[in-house]
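Results of the structural survey
One letter stands for each residue in the lines below.
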Amino acid sequence: MSATVEPRLTIRRTTHRRVPRLVVVALPLALAGLLSLLISGNTLRPFERITVIESRMASKSDYFKDPEVQRLLLKHGIRVDIRRLGSRGIATRSLKGLDVVFPSGQPAAKQILDRPDDTGQTVRPFVSPLVLGSFRDYAEALVKAGVATPQRSTGAPTLYYDLDMAKFMTLLNGVDDRDDPEDGPRDGDGKEADTWNGIGYDEVAEGERNSGSVLVRTSNVCESNSAGTYLSMLAFVAGGEKTPGSSHPNDPERARAEVARISAEIKPLVTLQGMWADEQADSYFSALGESLAPIALIYEHQYLAHQIAHEAKQSTQDTSRVLLYPKPYALTEPQLISLSPRGDRLVELIEHDAELRRRALELGFRIRFSGEDGASQELDNYLRAHGIQVPVPNPDRTKALEPGLQVLDDIITYVGDCPPPDLDDVS
């Protein structure tokens, strides 16, 4: 009788595939990114067509480099590719291949619009006064010298000073020319003439010394709108608060002689600084700003944007840095100029988009709501709401008038030893 074979029960081990660790780590990040896109309204942006705007811009490129401005433009399918160059540099080079240009002032804008290149829509979205950025001890030394006056402030030390340019210019030529008591204290003798110690900085700064000359650091006068506008201001004051050459409207030869005389008079006030720097604001707001540039030529919006950011991060104003408002004053009007249909689209957005205009206000610009006064009021309200001292306009509202384009170009060329323009230069 054969034995019965019992059947065997076979148990198979089931293998579970483990999720790779990399996926586990990356999944929360992917979900977070998706959530961010949903919140910002850019969920489908990677699949939409982006229009790239080729541009050449001067100092107001700061606006287009702002991450929030870039995000707002991306909502409209636009990305701006920026090549940075001074305003006069933009006006004197080729515009080939560009969709827009954004010079920081009217002289360069007029030069561009007068060229035979095809230009489309334009807009002047905001204005910004030309100012001198400084530091408190240096500003107080100027007060001691009788050339600056602090604006009134409640509570915190003032951020703003009014600067008498006629008196200030006597400190920039390297000689003691303040013998009249009505002009204020002397500005030093011999080697001390027109030095910071010569006007009392070492007394104001509690023992610190600076034997360097009183100078204004500017960008390249051959390239920059700010430096060119500053030259216009110096020339206006040197000409007795008249535009150079305007005293002899019916005598071209005497008018040219007057322009040449004023150009020679103001040249050392600028060239004594030595080598130009590309962007003064970068040096001024750096950690070493006080040693690099005790006085730097900047725009008001750059200083106000710094104060707005400082208040947001540290809940206090940066009281070490101050502004000097020149009298007479100069107001710059940057102009966005289209050179193509793509450029027209950007100009329309900058002119009409409420979010983009609001962001300009948050970056310290006086945006155009209802002329210059309206722009100032909106900015003042914003500063006041964010705990930042509001600058007070000088009661003397004398404006430094710029000379005609040819006269201004002659002054700039003489002071800066500038090369002739090259309209074929695409760099």
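Further up the page is the structure itself.
Now for a description of the structure that goes with this document. These numbers come from a predicted model, not from an experiment.

Some thoughts on the overall build of the chain
Along the backbone of the chain there are 17 helices and twelve strands. Of all 427 residues assigned to the chain, the portion counted as buried reaches 50%. In the chain, of all internal contacts separated by at least 6 residues, the share reaching a separation of at least 24 is 72%. When the accessible surface of the chain is totalled, it reaches about 21900 Å², and 53% of it is carbon and sulfur.

Structural notes on the pattern of salt bridges
Per the counting criterion, the structure on display carries 18 salt bridges. Arginine 71 is the salt-bridge partner of glutamate 68, the closest N and O atoms lying 2.8 Å from each other. Residue glutamate 68 and its partner arginine 71 are both found in helix α3 (residues 67–75); the two are separated by three residues, about one turn of the helix. Two residues, lysine 75 and glutamate 355, come together in a salt bridge whose shortest N-O distance is 3.1 Å. Separated by 280 residues along the polypeptide, lysine 75 in helix α3 and glutamate 355 in helix α15 (residues 354–362) bring together distant segments of the chain. Judged by relative accessible area, which is 39%, glutamate 355 ranks as partly exposed. One continuous salt-bridge network, built from bridges that share partners, spans Asp66, Arg358, Arg359 and Glu362.

Describing unusual backbone geometry
A cis amide bond, omega 5 degrees, links lysine 327 with the succeeding residue proline 328. Secondary-structure assignment places proline 328 in the loop between β9 (321–327) and β10 (331–332). Its identity as a non-glycine residue notwithstanding, glutamate 241 has a phi of 60 degrees, on the positive side. Here glutamate 241 lies in the loop between α9 (225–238) and α10 (252–271). A positive phi angle, close to 50 degrees, is found at aspartate 417, a residue other than glycine. Tracing the sequence through the fold places aspartate 417 in the segment after α17 (405–416). Judged by its relative accessible area of 60%, aspartate 417 is exposed.

What to know about α9
Taking 1.5 Å of rise per residue, the 14 residues of α9 would be expected to cover 20 Å, and the 20 Å separating its terminal C-alpha atoms lies within 8% of that figure. With its phi angle positive at about 75 degrees, glycine 240 sits one or two positions after the end of α9.

Description of the packing of α9 against α10
Orientation of α9 relative to α10, taken along the N-to-C sense of each, is 130 degrees, at an axis distance of 10 Å. In terms of orientation, α9 lies oblique with respect to α10. Note that α9 runs across α10; the crossing there is right-handed. Seen from α9, the contacting residues are Tyr230, Leu231, Leu234, Ala235 and Ala238; seen from α10, they are Ile262, Glu265, Ile266, Leu269 and Val270. Here the residues of the contact of α9 with α10 are counted per class, giving nine nonpolar, no polar and one charged.

Cut-offs and rules
Residues numbered from 1 in each chain as written. Predicted model: local features only at pLDDT ≥ 70, side-chain atom pairs only at ≥ 80, totals over all residues. Heavy atoms only, no water. Helix = DSSP H or I, 4+ residues; strand = E, 2+ residues; numbered from the N terminus. Buried < 20%, exposed > 50% of the residue type's maximum accessible area, 1.4 Å probe, protein only. Contact = heavy atoms within 4.5 Å. Areas by Shrake-Rupley, 256 points an atom, 1.4 Å probe, with all protein chains shown as cover. Salt bridge = Lys/Arg side-chain N within 4 Å of Asp/Glu carboxyl O. Expected span 1.5 Å × (residues − 1). Axes fitted to C-alpha atoms, helices over the stretch in contact; angles between N-to-C directions. Parallel < 35°, antiparallel > 145°, perpendicular 65-115°, else oblique. Left-handed = near helix turned anticlockwise from the far one by under 90°. Nonpolar A, V, L, I, M, F, W, Y, C, P; charged D, E, K, R; others polar.

Take it as geometry only, folks, not as evidence of what the structure does.
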